[in-house]
Amino acid sequence: MKPTKQNVRNIKCIFEEKTGVDLNPAHRQQPKKSVKWMVLVAAAVICGLMMAACGVALFSPLNGDELSLSGTYEGNGIVSIFVENGSDKSLTFQKQLKLMCWSTSEEVERLDGEIVFQNTSFPAHSSGTMTIDISRAYDIAALEQGLPEMYYFLLTNNDFFFGHDWMCSFRFRPEETGTEETSSPEHIDASLLRAQAIDEIEEDLRFYFEDAYADQAMRSNGKNAEYMQKVQELLARFNGTVVPPVDSALTVDKTPEGVVFDETYPMERQYELVGEYRPIIDGYGRIVAGFNSPTGYEHALTLDSLLPLYQGEVGGGAGIPLIYMFTYEVSAIQEDSYAFLYGQLLSFGEMEPYKVYQDGQYAVYEVTDLFYTDLDAYINYFLTTRNDIYFDEQIRQRVHNIYDYYKDKETLGSQFYYNLPE
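What this report covers is the structure whose coordinates are included nearby. Within every chain, residues take consecutive numbers counted from 1 along the sequence as written. Only residues with pLDDT of 70 or above have their local features reported here, since the model is predicted, and side-chain atom pairs are shown and tallied only from 80 upward, although totals for entire chains, interfaces and linings are computed over all residues. Computation of side-chain values: all heavy atoms of the structure, hydrogens and water removed.

## Topic: the sheet that holds strand β4 (residues 97–101)
Either a parallel or an antiparallel arrangement is found when strands of a sheet pair, and the pairing is made through backbone hydrogen bonds. Pairing between strands is defined by DSSP: at least two bridges between them are needed. A run of H or I in DSSP counts as a helix once it spans at least four residues, and a run of E counts as a strand once it spans at least two, with each numbered from the N terminus. Read across the open sheet, the 3 strands follow the order β4-β8-β9; overall the sheet is antiparallel. Only two strands of the sheet have a single partner each, and these edge strands are β4 and β9 (165–171). Taking the axes of each pair of neighbouring strands and ignoring which way they run, one obtains an average angle of 25° across the sheet. Of the strand pairs in this sheet, strand β8 (residues 150–156) and β9 are connected by 7 bridges, and their pairing is antiparallel. Paired with Tyr 151 across the bridge in β9 is Phe 170. Whether two residues are in contact is decided by their heavy atoms, any of which lying within 4.5 Å being enough. Geometry is summarised by axes, namely lines fitted to C-alpha atoms with helices restricted to the contacting stretch, and by angles between N-to-C directions that run from 0 to 180 degrees. Taken strand by strand, helix α4 (residues 222–237) contacts β8 and β9, and its axis lies near 175° from that of β9.

Here you go:
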């Protein structure tokens, strides 16, 4: 976009008002050296402001521009990307990219070869296919022979500046017809797979919560990458401060004195029935929060019921997360700050009823009700995704006992302590 003469005049007026420097040569006689220097600075500032003004007009989700990308690996290092431009602006991708591993968010090591782009421009309200050949720039044989890992291109229309980059996910496996993955079992009511009404979730993110993914490997689930792209765009547009959760040395006592979770096991072994973890996905296989670069994906703090792999085993190797918590630094929480959790932006005023613990450094919020509210439906879904555990009604009661004990706000709040190395 070329600035108009009026835009340039306005920029000059702003600069003169802020600096006291007269930019009109007709108003000055022989300028001193320092004034000449100021005029040069002024010219540079005006140039920068003009470039910024042009940059604002570029296609960006910060301005509400809508874009959909769908990547398909065609083989031999070639990826086709179906592009849908839903904006009033045209979009031209620059011929540069970063290849990222989805589960680690690390960039894949690149060779010296060239990347070849074809069809990079898309007019307003149009669609088409962009083709990218990376066969000379990466070790394709190694990527194809690896795990069914999800990768993504980081694409840009403005040197990867904030608000001008997009993720497009794919696997290094050519798609085969008739082998499309299915998610949650058909007999599970989709409304039981989320705690909130769908309209409580941010509109652009609702597609993700219509299904569950615990029967899929996280690293190969394309919905995760699509969701995180939408989260990135949502938070970029959001006019507020989003505070990320943190990991800390705070932990929960899993051996409360005199508490029996399962009467069929000895008192001294009750502690083996409860586990504590810091996952990035929940019991439905969904991402719990967001992505806080450079620390990576944000974690929940969960208390799990450990389930046996065979009848009579104490504890077990399979944990079903029951209690979901998030920890924040007290110093980062301000009156106008927000948390992003499970598809929702919540002010810390809205988070206050969930608070179960606070000291001078950390505040902990127990937000299980954002993840699920029907415990038995939640257990039943979990059981459909595992065939390697033993489960009966006695164990179901154990799960309920653990849930009921730690779901009590006062009880949970009294169980926190710092697990510090001696």
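We are not done yet, so read on.
## Here's the deal with the pairing of strand β1 (residues 67–75)
Bridge analysis of β1 against strand β2 (residues 78–85) gives 8 bridges, and the strand direction is antiparallel. What sits directly across from Thr 72, in β2, is Ser 80.

## Structural notes on the environment of Leu 370
For Leu 370, the position within the fold is in helix α6 (residues 368–371). As a C-alpha pair, Leu 370 and Leu 341 span 29 residues in sequence and 8.4 Å in three-dimensional space. Setting aside chain neighbours within four positions, we find Leu 370 in contact with Ala 195, Gln 196, Leu 341, Tyr 342, Gln 344, Leu 346 and Tyr 354.

## As for the packing of aromatic side chains
Any two rings among Phe, Tyr and Trp, with Trp reduced to its six-membered ring, count as a pair given centres within 6.5 Å; such a pair is stacked if its planes are under 30 degrees apart, edge-to-face if over 60, and tilted if neither. Using the criterion set out here, one finds 31 aromatic pairs in the structure. Between Tyr 328 and Tyr 365, the ring centres sit 5.8 Å apart and the planes meet at 75°, which makes this aromatic pair edge-to-face. With a gap of 37 residues between them, Tyr 328 in strand β16 (residues 318–329) and Tyr 365 in strand β20 (residues 362–366) connect regions that are remote in the sequence. Taking 4.9 Å as the distance between ring centres and 90° as the angle between the ring planes, the aromatic pair formed by Tyr 405 and Tyr 406 counts as edge-to-face. Classification of residues uses two cut-offs on accessible area relative to the type maximum, computed with a 1.4 Å probe and protein chains only: under 20% is buried, over 50% is exposed, and between them is partly exposed. When its relative accessible area of 0% is taken as the criterion, Tyr 406 is described as buried. Of note, Lys 98 hangs over the ring of Phe 160, and the distance from its end group to the ring centre comes to 4.7 Å. Criterion for a charge above a ring: Lys NZ or Arg CZ within 6 Å of the ring centre, and within 35 degrees of the ring normal.

## Considering helix α7 (residues 375–384)
Those residues of α7 that sit buried are Leu 375, Ala 377, Tyr 378, Ile 379, Tyr 381 and Phe 382. Buried residues along α7 sit against β15 (301–307), β16 and α8 (393–407). For this analysis, a polar contact is any N or O atom pair within 3.5 Å, provided that within protein one partner can donate a hydrogen and the other can accept it, and provided that sequence-adjacent residues contribute only side-chain to side-chain pairs. Two or three places before Asp 376, at the opening of α7, Asp 374 has a side-chain oxygen 3.3 Å from that residue's backbone nitrogen.

## Overview of the environment of Ile 379
Checked against the element boundaries, Ile 379 lands in helix α7. Take Ile 379: its relative accessible area is 1%, and that puts it in the buried class. When the C-alpha positions of Ile 379 and Pro 321 are compared, they lie 9.8 Å apart, and in sequence the two are 58 residues distant. Filtering out sequence-adjacent residues up to four positions away, Ile 379 remains in contact with Ile 320, Phe 391, Arg 396, Val 399 and His 400.

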